[in-house]
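Chains, contacts and geometry: an overview
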Amino acid sequence: MACVLEAPLRMSVLSEVTASSRHYVDRLFDLDPQKVLQGVMLLYLLQQETSSTELRTECAVVLGSLAMGTENNVKSLLDCHIIPALLQGLLLPDLKFIEACLRCLRTIFISPVTPEDLLYTGPDHQTILFNHGAVQNIAHLLVSTSYKVRMQALKCFSVLAFENPQVSMTLVNVSVDGELLPQIFVKMLQRDKPIEMQLTSAKCLTSMCRAGAIRTDDSCIVLKTLPCLVRMCSKERLLEERVEGAETLAYLIETDVELQRIASITDHLIVMLADYFKYPSSVSAITDIKRLDHDLKHAHELRQAAFKLYASLGANDEDIRKKIIETENMMDRIVNGLSESSIKVRLAAVRCLHSLSRSVQQLRTSFQDHAVWKPLMKVLQNAPNEILVVASSTLCNLLLEFSPSKEPILESGAIELLCSLTQSENLALRVNGIWALMNMAFQAEQKIKSDILRGLSTEQLFQLLSDSDVNVLMKTLGLLRNLLSTRPHIDHIMSTHGKQIMQAVTLILEGEHNIEVKEQTLCILANIADGTTAKELIMTNDDILQKIKYYMSHSNAKLQLAAMFCISNLIWNEEEGSQERQDKLRDMGIVDILHKLSQSSDPNLCDKAKTALQQYLA
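Residues numbered from 1 in each chain as written. Predicted model: local features only at pLDDT ≥ 70, side-chain atom pairs only at ≥ 80, totals over all residues. Heavy atoms only, no water.

1. Structural notes on the overall build of the protein
When helices and strands are counted, the protein shows 38 helices and 2 strands. For the protein, whose C-alpha radius of gyration is 32 Å, the value lies well above the compact-globule estimate of 25 Å for 618 residues. Along the three orthogonal principal directions, the C-alpha set of the protein runs to about 100 × 65 × 50 Å. Pairs at least 24 residues apart make up 64% of the contacts formed inside the protein by residues separated by at least 6 positions. Entry remark: accessible area of the protein is about 29,300 Å², with carbon and sulfur atoms responsible for 51%. (Helix = DSSP H or I, 4+ residues; strand = E, 2+ residues; numbered from the N terminus. Rg over C-alpha atoms; globule rule 2.2 N^0.38 Å. Contact = heavy atoms within 4.5 Å. Areas by Shrake-Rupley, 256 points an atom, 1.4 Å probe, with all protein chains shown as cover.)

Listed below in structure tokens is the structure:
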């Protein structure tokens, strides 16, 4: 976005302006808006180390004056990244310059167009403040006699510590008047303290816990922070407090199974959250227009917060998921949430659905009863990447072989959709697209497998097999392995795509890949070797046979075992042509390697080698 300042501003002449920069400042007095645009060079001068301190101070003053103008002026300054420039200015030793930068920052942050989270929450801003001694300088304000001062200090710590391990690890060891900060925060959590103070203290302790500075089983988390946040979700609290309480609690318990279990049985939280969906109350019941307006304003935020917390609660435990789904009209609420106008609510609803979709039991019952796949497919048709990532992860679960949703999803054009996801520049979408196809191909009919290969195209398959991300590569190999299962399918696919698949296998076995990738690739070869006609593609490829022989003698037992599966399938004497195959492999020295492996200390290798040798004796 262009940096455009709407109106010229009259001001005192700068105390010092170098000859080379004078014309840029003069532009600010010009009536031509295009010349005003060039006045933004002030910001450039402010950051130049070659500018004198006096000039930089005057630039900060002038920028502060511009920020007092229209909201468009503030937007333009924000677009020009004025905040990082001013924050850097705080590192200089000159007090007048620091004061000018602070005044300008204050003016910008007073403006309604400035996002509140621009300061402190950006890692760069947090680091600048941290390095400048913010923690030590603010800590003593927590024991100020003024409530307002204590609250501002507390708020500052809550945003400084958010997703910042460096700050959090420091806070845990800072003491004020002989008392450590976590102890001070816990005192501020007490029920007799103002709600604002309780909530903000809980946010501080939550950030410190998520950063690893406080253990999740510490009593200050389990017995103080978590119960405080659950209290904030109750009907007695204001709607905005309930939103903040639920969102903070969702963040606190998001990755910890035990905290999820504790929260789920605290104060009937799961049932309590159902009330979040009941706003706004029916219009006839509200005579106060202001109350209706207030409820409407917070209704989206309440639903978003409830979905987020349900998602965290149900992330791991099957019993908790069951309780959530059995909560009044829960599945209907999620389905409705998927089509809400608010992107934030839609995202939270999809996250909740994803969390619950990890349950095998629910996939077979509630998800099928409510045809959840329909609105989910609709979400996947047209949504921002942030929603697409979670929605496609959910679809992966709905496509597992035991899910009744698998068939209708296939019929609704999922293959084309998922194939398009594999071409995304977004890594998570590529992984989810190929993962879902892998699940779809598991024990699938031949037609579905052919449709997948047709939808992907050989070119795209190679692209995925050469992806720099190992997750994409592993899921693509998993897809190939699932496609190449059951003999008729193996033979059919290898008759149409054999040359390309063998080429891909060769490339991977020759490449610099980890053990898991090589093992998966050898397993694909073992599947091909199990085909009736497909195995000839291996037997007529001396390069591949030499590679299998090489991996039989590899130092890694997993790779040896996978290579032996290939050999076993090739020499199985009940199948046509087995004698010729056995003879060829004997001439290559395979039998000698099998004799060596039959003496292996690894029981799996030993057994597999003896079983293979028996084929030669039969």
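2. So, the packing of aromatic side chains
Think of a pair of aromatic rings as described by two things: how far the centres are apart, and how the planes are tilted against each other in angle. If you walk through the whole model with that rule in mind, you get 4 aromatic pairs. Where Phe157 meets Phe185, the ring centres are 6.3 Å apart and the plane angle is 65 degrees; that geometry is what we call edge-to-face. Of the two residues, Phe157 is situated in helix H10 (residues 147–160) and Phe185 in helix H12 (residues 181–187); the sequence distance between them amounts to 28 residues. Given the relative accessible area of 0%, Phe185 is considered buried. Over the ring of Trp435 we find Lys475; its NZ or CZ atom is 4.4 Å from the centre of that ring. (Phe/Tyr/Trp six-rings, centres within 6.5 Å; stacked < 30°, edge-to-face > 60°. Buried < 20%, exposed > 50% of the residue type's maximum accessible area, 1.4 Å probe, protein only. Lys NZ or Arg CZ within 6 Å of the ring centre and 35° of its normal.)

3. Remarks on helix H16 (residues 257–264)
Listed as buried for H16 are Leu259, Gln260, Ala263 and Ser264. Considered in projection along H16, the buried side chains sweep an arc of 135 degrees and stay on one side of the axis. Between the side-chain oxygen of the N-cap and the backbone nitrogen of Glu258 there are 3.2 Å, and the N-cap of H16 in question is Asp256. (Arc of directions from axis to C-beta. Polar contact = N/O pair within 3.5 Å; in protein donor to acceptor, adjacent residues only side chain to side chain.)

4. Details of the pattern of salt bridges
A full pass over the atoms with the stated rule returns 27 salt bridges. One salt bridge connects Glu244 with Lys203, and the closest N-O pair in it is separated by 2.7 Å. Remark: Lys203 occurs in helix H13 (residues 195–210) and Glu244 occurs in helix H15 (residues 239–253); sequence separation between them is 41 residues. Since its relative accessible area comes to 31%, Glu244 is described here as partly exposed. The salt bridge partner of Arg242 is Asp275, with a shortest N-O separation of 3.1 Å. Separated by 33 residues along the polypeptide, Arg242 in helix H15 and Asp275 in the loop between helix H17 (269–274) and helix H18 (289–313) bring together distant segments of the chain. Its relative accessible area of 0% is what places Arg242 among the buried residues. It is possible to trace a salt-bridge network through shared partners that takes in Arg487, Asp530, Lys535 and Glu575. (Salt bridge = Lys/Arg side-chain N within 4 Å of Asp/Glu carboxyl O.)

5. Let's talk about the side chain of Gln560
Looking at the element boundaries, Gln560 is found in helix H35 (residues 557–571). The contact partners of Gln560, leaving out residues within four places of it in the chain, are Tyr551, Met552, Ser553, His554, Leu597 and Leu605.

6. A closer look at helix H27 (residues 414–421)
Among the 8 residues of H27, 6 are classified as buried, and the element is accordingly described as predominantly covered. Within H27 the residues assigned to the buried category are Ala414, Ile415, Leu417, Leu418, Cys419 and Leu421. Buried residues belonging to H27 abut helix H24 (373–381), helix H25 (385–398), helix H26 (406–411), helix H28 (427–441) and helix H29 (446–465).

7. Regarding the nonpolar core
Membership of the largest hydrophobic core comes to 178 residues, with the highest contact counts inside it found for Phe157, Leu313 and Leu525. Leu525 has contacts with Met502, Val505, Leu509, Ile538, Ile544, Ile548 and Cys566, leaving out every residue within four places of it along the chain. Ranked by size, the runner-up nonpolar core spans 29 residues in total, among them Leu43, Leu46, Leu87 and Leu105. (Core = buried A, V, L, I, M, F, W, Y, C linked by side-chain atoms within 4.5 Å.)

8. Topic: the packing of H28 against helix H30 (residues 470–483)
Contact pair H28 / H30: the axes reach a minimum separation of 8 Å and the direction vectors enclose 15 degrees. On the basis of the axis angle, H28 is roughly parallel to H30. As for how H28 packs across H30, the hand of that crossing is left-handed. Contacts between H28 and H30 involve Leu427, Arg430, Val431, Ile434, Trp435, Leu437, Met438 and Ala441 from the first element and Asn471, Val472, Lys475, Thr476, Gly478, Leu479, Asn482 and Leu483 from the second. (Axes fitted to C-alpha atoms, helices over the stretch in contact; angles between N-to-C directions. Parallel < 35°, antiparallel > 145°, perpendicular 65-115°, else oblique. Left-handed = near helix turned anticlockwise from the far one by under 90°.)

9. A word on unusual backbone geometry
The phi dihedral of Asp267 is positive, around 50 degrees, even though this residue is not glycine. On the accessibility criterion, Asp267 (46% relative accessible area) is partly exposed.

10. Considering the environment of Ser168
Assignment of secondary structure puts Ser168 in helix H11 (residues 165–171). Exposure remark for Ser168: the relative accessible area of 0% places this residue in the buried category. Sequence separation between Ser168 and Cys204 is 36 residues, and the spatial gap between their C-alpha atoms is 8.8 Å. Polar contacts involving the side chain of Ser168 include one to the main-chain carbonyl oxygen of Ala161, which spans 3.3 Å.

11. Focus: the confidence of the model for the protein
Put simply, the protein has an average pLDDT of 88, and 91% of its residues get 70 or more. When the criterion is pLDDT under 50, residues 4–32 qualifies, and its contacts beyond four places in sequence or with other chains add up to 56 contacts. (pLDDT = per-residue confidence, 0-100.)

12. Some points on the environment of Val167
Of note, Val167 is situated in helix H11. On the basis of relative accessible area, Val167 is assigned to the buried category, the value being 1%. The spacing of Val167 and Met208 is 41 residues in sequence and 8.5 Å in space, taken between C-alpha atoms. Beyond its immediate stretch of four places on either side in the chain, Val167 contacts Phe130, Val135, Leu160 and Ala161.

13. Structural notes on the state of the cysteines
Here a disulfide denotes one covalent bond, and it connects the sulfur atoms of two cysteines. In the structure shown here, the tally under the stated rule is 0 disulfides. We note that Cys352 lacks a disulfide partner, and the nearest cysteine sulfur, in Cys233, lies 14 Å from it. Overall, the relative accessible area of 0% leaves Cys352 in the buried class. (Disulfide = S-S within 2.5 Å.)

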